[in-house]
Amino acid sequence: MRTLVVGDIHAGVKALQQVLEKAGVKQDDLLIFLGDYVDGWSEAVETVAYLIELQEKHACVFLRGNHDDLCYRWLETGEHNPLWLANGGQATIDSYEKAGKEIKEAHIPFYKALRNYHLDEKNRLYLHAGFTNLKGVDHEYFSKTFYWDRTLWELALSLDPSIPRDSIYYPKRLLHYSEIFIGHTPLSKIGKSVPYRAANVWNIDTAAAYKGPLTVLDADTKEFWQSDPVCSFYPGENGRN
């Protein structure tokens, strides 16, 4: 069984279908989705519908992204967060308003069931963004940190690789897990377009919401597959550009 990690989708279901086909997903593969299923391209409804159908055929772990939480709040309460609207939320609203009330209500359980993190039998941690507690995720005070934090990635990027793990100066956050897999912060910000490791943290957000591809990574072998640039599937749309 392979453990395949899927980066931030941002409503690019066509790219998701392509990259899963490229990866040759098999019945016994475990698919771990790092969150941000919506907000970006125009097919938020189609993306979530596809994921709901996919979990009926494959073992899937769906983690919660910050965009998913914002969408869930809107679906549940009608809350319009200006920050959300300015960062892809309007495309999601348009998609759901077009689909209608019945679809909106049918999708709420999917958002509600999203998990904040997943820890596997190899002590590998998967989550959307990060955590701040020096003792690890079980001790995190604020659950929103799991899908909003950027300091974990910033820490990993800035860490001097010459510092040994047994040094008193080595960040304690990074010692609890053999590897950590995240999305949330597009790698385009550091000029990368493929999965990138800093310390023991793997970032696989390859800017699918912007002009990059969607990525699937094999957690064991580090082989990866990428879709065409997601923007190429949605000509005439801006995504989050």
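Before reading further, recall that the structure is shown in the block above.
To keep things clear, this report deals only with the structure shown in the data block. (Residues numbered from 1 in each chain as written. Predicted model: local features only at pLDDT ≥ 70, side-chain atom pairs only at ≥ 80, totals over all residues. Heavy atoms only, no water.)

## Thoughts on the state of the cysteines
As a reminder of what qualifies: A pair of cysteine sulfur atoms is labelled a disulfide when the two atoms are within 2.5 Å.
Taken as a whole and judged by the stated rule, the model has zero disulfides. Cys-60 takes part in no disulfide bond, and the closest cysteine sulfur to it belongs to Cys-71, at a distance of 19 Å.

## Considering the packing of helix H3 (residues 66-77) against helix H4 (residues 82-99)
Where we set the bar: Only the stretch in contact is used when fitting a helix axis, every axis being a line fitted to C-alpha atoms; angles between N-to-C directions are given from 0 to 180 degrees. In DSSP terms, a helix is any run of H or I states spanning at least four residues, a strand is any run of E spanning at least two, and both are numbered starting from the N terminus. Every angle not falling under 35 degrees, over 145, or within 65 to 115 is termed oblique; those three ranges are roughly parallel, roughly antiparallel and roughly perpendicular. Note: crossing handedness is left-handed where the near helix turns anticlockwise from the far helix by less than a right angle, and right-handed where it turns clockwise. By definition in these notes, contact holds between two residues if any of their heavy atoms fall within 4.5 Å.
Between H3 and H4, the shortest axis-to-axis distance is 11 Å and the interhelical angle comes to 50 degrees. Taken together, H3 and H4 sit at an angle that is classed as oblique. Both H3 and H4 take part in a crossing whose hand is right-handed. Between H3 and H4, the contacting residues are His-67, Leu-70, Cys-71, Trp-74 and Leu-75 on the first element and Trp-84, Asn-87, Thr-92, Ile-93, Tyr-96 and Glu-97 on the second.

## Thoughts on unusual backbone geometry
Heads up, the rule is: Accessible area is worked out with a 1.4 Å probe on protein chains only. A residue is then buried under 20% of its type maximum, exposed over 50%, and partly exposed in between.
Positive phi, normally seen in glycine, also occurs at His-10, with a value near 55 degrees. Looking at where His-10 falls in the secondary structure, it is placed in the loop between strand E1 (3-6) and helix H1 (13-22). Exposure remark for His-10: the relative accessible area of 3% places this residue in the buried category. Positioned with a positive phi, Asp-36 is a non-glycine residue whose angle comes to about 60 degrees. Its place among the elements puts Asp-36 in the loop between strand E2 (30-33) and helix H2 (44-54). We classify Asp-36 as buried; its relative accessible area is 1%.

## So, the environment of Ser-143
As for its position among the elements, Ser-143 is in the loop between strand E5 (124-127) and helix H6 (145-148). On the basis of relative accessibility, which here comes to 38%, the residue Ser-143 falls in the partly exposed class. C-alpha of Ser-143 to C-alpha of Phe-131: the two residues are twelve residues apart in sequence and 8.8 Å apart in space.

## Topic: the layout of surface pockets
To find leftover empty space, one rolls a probe the size of a water molecule over the atoms. As a reminder, the rule being used: Here a cavity denotes a set of grid points, spaced 1 Å apart and computed over the protein atoms alone, in which a 1.4 Å probe fits but from which it cannot get out, and a pocket denotes an open set meeting protein on both sides within 12 Å along at least five of seven lines; residues with an atom within 4 Å of a point are reported as lining. Grid points are joined across faces, edges and corners, and a volume is the space filled by probe spheres set on the points. Residues are grouped as follows: nonpolar covers Ala, Val, Leu, Ile, Met, Phe, Trp, Tyr, Cys and Pro; charged covers Asp, Glu, Lys and Arg; every other residue, Gly included, is treated as polar.
For the largest pocket, the calculated volume is near 320 Å³. Lining the largest pocket are 19 residues, and of these Trp-41, Ser-42, Ala-91, Asp-94 and Ser-95 lie nearest its centre. The set of elements that each furnish at least two residues to the lining of the largest pocket consists of H2 and H4. Per-element accounting of the lining of the largest pocket gives the leading share, nine residues, to H4. Its residues assigned to classes, the lining of the largest pocket shows five nonpolar, eight polar and six charged. One number sums up the size of the second largest pocket: a volume of about 240 Å³. As for the second largest pocket, its lining consists of 21 residues, and the residues nearest its centre are Asn-66, His-67, Asn-87, Arg-150 and Arg-240. Contributing elements (two or more residues each) for the lining of the second largest pocket: H3 and H4. In terms of residue class, the lining of the second largest pocket is built from nine nonpolar, five polar and seven charged.

All we've got here are geometric facts, nothing functional implied.
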